[in-house]
Amino acid sequence: MFFSAFKHTSTKLLAAKKHSCAFTLLSCLATLLPASMVEAKTHASKASASEMSSDSPNPDTLLIEVYQNLSNNKLQAAQEKVDQLIGAYPHFQLAHLIRGDLLMMHARPVTSFGAGANAQADKLKEMRDEAAMRIKSYRERPNPALIPKMVLQLRDDQKQVLVVDANKSRLYLYENVGGQPKLLSDHYISHGRFGINKFKEGDQKTPLGVYYITSRLSGGKLPDFYGPGALPLNYPNEWDKINGRSGSGIWLHGMPSANFSRPPLASDGCVVLTNPDFLKISALVDIGKTPVIISDQVEFENQAKWLADRQFAAKLLDDWRLDIESKNANRIFANYSRNFKSLQGEDLNAWFSKQRQNWEAWTNPVIQLKNVTHFRYPGKDEIIVSTFTQETQSGKIKTSVRKRQYWLKESNKWRIVYETTV
């Protein structure tokens with residue numbers, strides 16, 4: 001049960017309300033808040049001006065304020081907040097459910113969540129799950145001064161990056177400010193009904209990985225199920241394919257027009273946002289450029305640690321560049337993992353033999369790497385995915401190719417386990 005974890009409410013509050021259960025359930029949920037609400041409010045106050053100036057109030061902020069008022073024995077104030085919430089988001093079913101409970105409290109004790117609604121048990125559970133996740137993730141909102149450790153380096157023309165934390169059912173929108181990600185806003189999301197780590201078509205899981213938005217689909221050309229539109233991702237990417245992952249149609253999209261509530265685990269694998277949130281994000285992203293990182297759990301680090309990690313990734317790639325430029329087969333070969341496999345199924349020796357024919361023909365090569373990105377790849381292994389444009393000057397001939405490498409940490413040594421042109 002949603003409230004079973006919150007049995008031990010304030011002794012003082014219970015003493016004052018012995019004769020009535022009216023405040024028991026919702027004030028129990030409020031016990032989630034006091035220990036860290038100051039921190040959450042502090043973080044919220046540091047959010048960007050663009051988020052704070054939004055015409056619509058943050059639904060999670062209002063939801064928390066409802067429970068805060070209940071924990072402070074302010075039933076009328078809680079009623080006003082939930083009315084404000086419904087006024088801003090008329091299709092927020094969870095808010096309507098809470099409002100029903102609040103109204104019933106004026107007349108009689110309320111001993112179960114959703115007592116004021118004639119709803120099925122599974123629907124009540126979905127709304128309990130949504131309420132708990134919204135409050136938990138907003139309460140644990142990351143400090144804007146910290147940086148998601150997966151975002152090591154963005155190109156100058158990548159103005160945003162989206163980071164999905166499946167564990168918190170949250171999407172973080174970062175903007176690229178002078179090469180450093182800055183938190184712009186964060187949003188509640190739903191993902192795969194059976195969790196994460198998609199492996200095959202129809203498993204109703206959301207993939208983990210680094211993806212890119214491939215197109216923008218208008219809601220007018222889609223069923224109402226997708227709300228105002230969709231942003232398809234390039235799943236399966238090359239890393240998914242090399243690891244035998246299949247399926248398709250993984251999108252960021254909205255909700256049916258009559259909905260605002262959705263449980264954390266509810267999609268067939270897509271990342272689903274409320275319609276207002278989807279419209280905000282869709283208006284900002286750049287097709288083909290904006291990375292979308294989907295992780296089971298997002299970790300954050302301070303600027304000093306992030307800069308050190310970024311410099312490490314840059315050196316890793318530059319050392320490879322120098323080895324390639326040297327044309328020394330042994331030096332070059334040492335950069336690659338014995339577990340290397342091409343998309344065509346070639347092992348390292350077969351693949352390397354073909355690549356060697358290219359650089360052996362070079363004359364006094366000079367190599368430059370441009371438009372570099374580095375991301376830590378989500379999953380159990382330590383992987384850095386690096387994408388770059390390799391410009392090679394050989395005599396009077398100049399060539400340019402866009403490459404992507406997956407660097408895997410093996411026994412404290414980083415080696416390339418997969419490489420391809422993109």
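Each remark here, short or long, concerns the structure printed above.
Residues numbered from 1 in each chain as written. Predicted model: local features only at pLDDT ≥ 70, side-chain atom pairs only at ≥ 80, totals over all residues. Heavy atoms only, no water.

(A) Structural view of the packing of aromatic side chains. With the rule as written, the count across this model stands at 18 aromatic pairs. Ring centres 5.1 Å apart and planes at 45 degrees place the aromatic pair Y226 and W251 in the tilted group. Placement of Y226 in the loop between β7 (217–218) and β8 (229–232) and of W251 in strand β9 (residues 251–253) is noted, with a sequence separation of 25 residues between them. Assessed through its relative accessible area of 21%, Y226 is described here as partly exposed. Look at W251 and you get buried, because its relative accessible area is 18%. (Phe/Tyr/Trp six-rings, centres within 6.5 Å; stacked < 30°, edge-to-face > 60°. Helix = DSSP H or I, 4+ residues; strand = E, 2+ residues; numbered from the N terminus. Buried < 20%, exposed > 50% of the residue type's maximum accessible area, 1.4 Å probe, protein only.)

(B) Region of interest: the pattern of salt bridges. All chains considered together, the criterion is met by 33 salt bridges. Residue D157 is joined to K289 by a salt bridge in which the shortest nitrogen-to-oxygen separation is 3.6 Å. Remark: K289 occurs in the loop between α10 (275–284) and β12 (291–295) and D157 occurs in the loop between β2 (151–153) and β3 (160–165); sequence separation between them is 132 residues. Between E360 and R356 there is a salt bridge, with its nearest N and O atoms 2.8 Å apart. In this pair, E360 and R356 both sit in helix α13 (residues 348–360), 4 residues apart, roughly one turn of the helix. Residue classification places E360 among the partly exposed residues on the basis of a relative accessible area of 44%. Residue classification places R356 among the partly exposed positions, given a relative accessible area of 34%. Counted as one network, the salt bridges with shared partners bring together D60, E130, R134, R141, R170 and D186. (Salt bridge = Lys/Arg side-chain N within 4 Å of Asp/Glu carboxyl O.)

(C) Region of the structure containing unusual backbone geometry. Cis peptide bonds are those with omega within 30 degrees of zero, and the linkage from Y235 to P236 qualifies with 0 degrees. Within the secondary structure, P236 sits in the loop between β8 and α9 (238–242). Despite not being glycine, N371 has its phi angle at roughly 50 degrees, a positive value. With respect to the secondary-structure elements, N371 resides in strand β14 (residues 366–376).

(D) Geometry of helix α5 (residues 59–71). The first and last C-alpha atoms of α5 sit 19 Å apart over 13 residues, in line with the 18 Å expected at 1.5 Å per residue. Counting buried positions over the 13 residues of α5 gives 11, a clear majority of the element. Those residues of α5 lying buried are P59, D60, L62, L63, I64, E65, V66, Y67, Q68, N69 and L70. Put simply, N58 is the residue that caps the front of α5, since its side-chain oxygen is 2.8 Å from the backbone nitrogen of D60. Remark: N73 follows α5 within two positions and exhibits a positive phi of approximately 70 degrees. (Expected span 1.5 Å × (residues − 1). Polar contact = N/O pair within 3.5 Å; in protein donor to acceptor, adjacent residues only side chain to side chain.)

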